[in-house]
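So you can see what is in the structure, the chains are spelled out below.
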Amino acid sequence: MSNLIEFIRQPWHWSVAGVLIGLTVPALLILGNKNFGISANLRHICAACLPANIPFFKYDWKKEAWNLFFIGGVVIGGFIAAKLLSDPNDVQISPSLAASLSQYGITDLSNMVPNQLFNWSTLFSLKGLFFFVVGGFLVGFGTRYAGGCTSGHAISGLSNLQWPSLVATICFMVGGFISANLIVPFLLGL
Amino acid sequence: MVKDTNTKEPIQDTDYEVRSLHTMCVNESEHHEGFVGNLKYAVIGLLFGIVFVKSEVVSWFRIQEMFRLQSFHMYGVIGTAVVVGAISIFLIKKFKIKTIKGEAIEFQDKTFNKGQIIGGLLFGIGWAITGACPGPLFAQLGTGALAVIATIISAVAGTWVYGYLRDRLPH
């Protein structure tokens, strides 16, 4: 048993993760005819908490409660992986990324998110305004405008050979390339 | 207050992540599953959350590497997931596999609108900044990165503002 836990604790190869994430698509379909798509939950939260008579939020969100259970599970899974199954070593990132981040004072690679950026004191600064508030806003606004996120379009949509999902996925990547290469370095320098 | 003249056609809801909105919905499960029934989705989510963290898909660093073309890791994860998903859907269609409750599994085609381009670009920009798409945001929270709550609240606000402005945005 302890050997198994040790085995699980190592960082997983991309192919293992890819197969398991891909299997989520048929698992949800076979369990209850559900489409794998996580960003829809952001809409359900709006519909549940603040529908404000907006037509887009006037629907029976309780019918979609399964998805809220799903993300609840994701939070708990994240907790279990971090507390019980974590690898004590730093995240292995490419040396060129490490070198470029160190110019901005990001040298702590011990966590999934850079501790020197994702902390409460940064949150209440100009940098934090961009990394948390503006970034998060773009994720919520953009995914709903696009009708899905990485799970809904890139994984479910492409798996079902939907060309609008391919358009969306290409646009996600183009936005990401521009952002990571031009915008993020600027924001890190703030 | 000027009344809406209502000359514009209502925007078709092409959001296929929200099934209950489709008036012609054919494959929404007839079964109301209730709390206990929904727990099975929580179990899938839990396993999925572990995979997300153990494969470092939730890592801000991995997202930067992906978009700077410094590592194959994320391309490998997403590419493998799409291939496995596509084979699964192919098999479900070919063998007409049913749900565990015996319902037929059917698929809806996605219609194109400009939102996939404009919204897609905006989401891509946000994805690289936050280092997370919506799934990993929740997993990051689980790992104890509590400041991510601010990102999630902002994402909910972004979705709300989209809903509010929807009729005025190009689609």
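Preceding this paragraph is the structure being described.
Rules used in this analysis
Residues numbered from 1 in each chain as written. Chains lettered and ligands numbered in written order. Predicted model: local features only at pLDDT ≥ 70, side-chain atom pairs only at ≥ 80, totals over all residues. Heavy atoms only, no water. Core = buried A, V, L, I, M, F, W, Y, C linked by side-chain atoms within 4.5 Å. Buried < 20%, exposed > 50% of the residue type's maximum accessible area, 1.4 Å probe, protein only. Domains from an automatic or database assignment. Contact = heavy atoms within 4.5 Å. Salt bridge = Lys/Arg side-chain N within 4 Å of Asp/Glu carboxyl O. Helix = DSSP H or I, 4+ residues; strand = E, 2+ residues; numbered from the N terminus. Axes fitted to C-alpha atoms, helices over the stretch in contact; angles between N-to-C directions. Parallel < 35°, antiparallel > 145°, perpendicular 65-115°, else oblique. Left-handed = near helix turned anticlockwise from the far one by under 90°. Nonpolar A, V, L, I, M, F, W, Y, C, P; charged D, E, K, R; others polar. Disulfide = S-S within 2.5 Å. Buried area = accessible area lost by both parts, 1.4 Å probe. Polar contact = N/O pair within 3.5 Å; in protein donor to acceptor, adjacent residues only side chain to side chain.

**Q** How should I be thinking about the nonpolar core in this particular structure?
**A** Soluble globular proteins tend to bury their nonpolar side chains together. In terms of nonpolar packing, the biggest core is built from 91 residues, with A:I21, A:F70, A:F131, B:W60 and B:W127 touching the most fellow members. Taken domain by domain, the makeup of this core includes at least three residues from each of domain 1 (1–86) and domain 2 (119–190) of chain A. Sequence-distant contacts of A:I21, defined by excluding residues within four places in its chain, comprise A:I155, B:F48, B:V51, B:F52, B:V57, B:V77 and B:A81.

**Q** Help me out: how do you make sense of the pattern of salt bridges in this one?
**A** Oppositely charged side chains may form a pair once their charged atoms are brought near each other. All names here are of chain B. Per the counting criterion, the structure on display carries 3 salt bridges over all chains. A salt bridge links R62 to E56, with the shortest nitrogen-to-oxygen separation between them at 2.9 Å. In this pair, the class of R62 matches that of E56, namely buried. Put simply, E65 and R62 hold a salt bridge, and the shortest N to O gap is 2.9 Å. With a gap of 3 residues between them, E65 and R62 both fall in helix α2 (residues 60–67), about one helical turn apart. On the basis of relative accessibility, which here comes to 2%, the residue E65 falls in the buried class. One salt-bridge network, held together by shared partners, links E56, R62 and E65.

**Q** Looking at this structure, I do not really get the packing of helix α9 (residues 163–188) of chain A against α2(B). What am I missing?
**A** A packed helix pair is summarised by two numbers, namely the angle formed by the two axes and the spacing between the axes. Look at α9(A) against α2(B): their axes get within 9 Å of each other, and the N-to-C directions meet at 115°. Comparing the axis directions of α9(A) and α2(B) gives the class roughly perpendicular. With respect to the hand of their crossing, α9(A) and α2(B) are arranged in left-handed fashion. In this structure, α9(A) uses A:F172, A:M173, A:G176, A:F177, A:A180, A:N181, A:V184 and A:L188 to contact α2(B), whose residues at the interface are B:W60, B:Q64, B:M66 and B:F67. Residue classes in the contact of α9(A) with α2(B) are distributed as 9 nonpolar, 3 polar and no charged.

**Q** Just to check I follow, could you spell out the state of the cysteines for this structure?
**A** Across all of its chains, the model carries 0 disulfides over all chains by this definition. Residue A:C49 stays outside any disulfide, its sulfur separated by 7.8 Å from that of A:C46, the closest cysteine.

**Q** What should I look at first to understand the environment of B:P136 in this one?
**A** All names here are of chain B. Here P136 is to be found in helix α5 (residues 134–142). Taking the C-alpha atoms as reference points, P136 and V58, separated by 78 residues in sequence, lie 4.8 Å from one another. Setting aside anything within four residues of it in sequence, one finds P136 in contact with F52, V57 and V58.

**Q** Any chance you could explain the side chain of B:T143 here in plain terms?
**A** Turning to its location among the elements, B:T143 is positioned in the loop between α5 and α6 (148–165). Among the residues examined, B:T143 registers a relative accessible area of 9% and is labelled buried. In this view, B:T143 contacts A:G78, A:F79, A:A82, A:K83 and B:V53; residues no more than four positions away in its chain are not counted.

**Q** How do you make sense of the interface of chain A and chain B when you look at a structure like this?
**A** As a measure of interface size, the accessible area lost when the parts come together is often cited. Tallying the contact residues gives 134 residues for chain A and 122 residues for chain B. Broken down residue by residue, the surface that chain A buries against chain B is led by A:N33, A:M112 and A:Y145, which jointly contribute 8%. Counting every contact that joins chain A to chain B gives 0 salt bridges. Between chain A and chain B we count 25 residue pairs in polar contact (both at pLDDT 80 or more) in total. The element contributing the most residues to the side of chain A that touches chain B is α9(A), with 20 residues. Here the residues of the side of chain A that touches chain B sort into 83 nonpolar, 41 polar and 10 charged.

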